[in-house]
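# Residue-level structural notes
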Amino acid sequence: DAFVAGLRGATAKAPSAATVVALLDGARTRVSLNVSCVSDKLVSTAVVAVCIVVFMGWAFMAGSRAQEVDRLKEKARRLEGENNWVDAANHYDKALDIDPSNASVMNNLARTLQEQYDRGNYDQKIVERALNLCGKARALDPKLTNIDNTYAVLLSMSGQEKEAIEILTKNI
């Protein structure tokens, strides 16, 4: 039913205010229907218990996702150290699938794509993708270490030398 679907949805991602309200209403209705002579205090306690379980599940899953992103980033860094840019990019891609707003992962993926291009994969789509990723990362976290340098190099690679020089000279 809708209540159970709400519980499943709430544990998959951070619940919205509307989801929380729906869960509370659903829990209150479900508890009231299943126990005919129940006090409001008992219903409220049951609702709070359901919410605690939902939020604990969400927090656990969020922690698990963060650990998986860290594991993938670490593996990608090792692959970078071996100059295995394609596999490193694949690991960053997987991390980005888990956490699509992680500026650090975006920037690292952009750098690995840049390295692929520099080392002979002269597909301009690689540069375009790297530039797009780096631009998003800059918007999310403009103070991220070396992000302006990466962005300027990518701009230059895409033929936007004037913009690249502006970014580099701004940071001097």
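Along each chain, numbering runs from 1 in the same order as the chain's sequence is written. Under the rules for a predicted model, residues below a pLDDT of 70 receive no local features and side-chain atom pairs below 80 are neither given nor counted, while totals for whole chains, interfaces and linings still include all residues. Hydrogens and water are ignored here; the side-chain numbers use all heavy atoms of the structure.

## Some words on helix α4 (residues 85-98)
Runs of H or I in DSSP of at least four residues are treated as helices and runs of E of at least two as strands, each being numbered from the N terminus. By this rule, a helix spans an expected 1.5 Å times one less than how many residues it contains. Between its first and last C-alpha, α4 extends 20 Å over 14 residues, near the 20 Å set by a 1.5 Å rise per residue. When accessible area is computed with a 1.4 Å probe and restricted to protein chains, residues below 20% of their type maximum are described as buried, those above 50% as exposed, and intermediate ones as partly exposed. Within α4, burial applies to W85, A88, A89, H91, Y92, A95 and L96. Mapping the buried residues of α4 onto a view down its axis gives an arc of 160°, with all of them on the same face. What the arc describes is the spread of directions from the helix axis to the C-beta atoms.

## Quick look at the packing of α4 against helix α5 (residues 103-118)
Packing of α4 against α5 leaves a shortest axis separation of 9 Å and a crossing angle of 155°. The angle between α4 and α5 places the two elements in the roughly antiparallel class. For α4 against α5, the interelement crossing comes out left-handed. In this structure, α4 uses W85, V86, A88, A89, Y92, D93, A95 and L96 to contact α5, whose residues at the interface are V105, M106, N108, L109, R111, T112, L113, E115 and Q116. Axis lines are fitted through C-alpha atoms, for helices just across the contact stretch, and the angle between N-to-C directions can take any value from 0 to 180 degrees. Orientation categories follow fixed angle ranges, with anything under 35 degrees roughly parallel, anything over 145 roughly antiparallel, 65 to 115 roughly perpendicular, and all other angles oblique. Each crossing gets its hand from how the near helix is turned against the far one by less than a right angle, where anticlockwise is left-handed and clockwise is right-handed. Here a residue-residue contact requires only that any non-hydrogen atoms of the pair lie within 4.5 Å.

## Observations regarding the confidence of the model for the protein chain
The score called pLDDT rates the predictor's confidence residue by residue, from a low of 0 to a high of 100. On average, the protein chain scores 82 in pLDDT, and the residues at 70 or more come to 65%. The least confident element of the protein chain is helix α1 (residues 2-12), whose mean pLDDT is 49; the most confident is α4, at 97.

## With respect to the packing of α5 against helix α7 (residues 147-157)
At a closest axis distance of 11 Å, the pairing of α5 and α7 adopts a crossing angle of 40°. With respect to their mutual orientation, α5 and α7 come out oblique. Between α5 and α7 lies a crossing whose hand is left-handed. Listed contacts from α7 to N107, A110, R111, Q114, Y117 and D118 of α5 are I147, T150, V153, L154 and M157. Lys, Arg, Asp and Glu make up the charged group, whereas Ala, Val, Leu, Ile, Met, Phe, Trp, Tyr, Cys and Pro make up the nonpolar group; the residues left over, Gly among them, are polar. Among the residues making up the contact of α5 with α7, the classes are represented as six nonpolar, three polar and two charged.

## Considering unusual backbone geometry
Backbone geometry places N83, a non-glycine residue, at a positive phi of 60°. Relative to the helices and strands, N83 resides in the loop between α3 (40-81) and α4. Of note in the backbone geometry, N146 takes a positive phi value of approximately 65° without being a glycine. Relative to the assigned elements, N146 resides in the loop between α6 (124-140) and α7.

## Here we look at the packing of aromatic side chains
Within 6.5 Å between ring centres, the rings of Phe, Tyr and Trp (the latter by its six-membered ring) count as paired, and their orientation is classed by plane angle as stacked under 30 degrees, edge-to-face over 60, tilted in between. This structure, assessed with the given rule, holds one aromatic pair. For the pair Y117 and Y122, a centre-to-centre distance of 5.4 Å together with 85° between the ring planes defines the contact as edge-to-face. When its relative accessible area of 59% is taken as the criterion, Y122 is described as exposed.

## Some details on the pattern of salt bridges
Counted as salt bridges are all cases of a side-chain nitrogen of Lys or Arg within 4 Å of a carboxyl oxygen of Asp or Glu. Inspection of every chain in the model, using the stated rule, returns seven salt bridges. Where D148 meets R138, a salt bridge forms, and the shortest distance between an N and an O atom there is 2.8 Å. One end of the pair, D148, is in helix α7; the other, R138, is in helix α6, and ten residues separate them in sequence.

## A few points about α6
Over its 17 residues, α6 runs 24 Å from end to end, which matches the ideal 24 Å to within 8%, given 1.5 Å per residue. For α6, the complete set of buried residues consists of I126, V127, A130, L131, L133, C134 and A137. Where α6 is buried, its residues touch α4, α5 and α7. The distance from a side-chain oxygen at the start of α6 to the backbone nitrogen of K125 is 3.0 Å, and the residue carrying that oxygen is D123. We define a polar contact as two N or O atoms separated by no more than 3.5 Å, with the added condition that, inside protein, one atom must be a possible hydrogen donor and the other a possible acceptor, whereas residues neighbouring each other in sequence contribute only through side-chain atom pairs.

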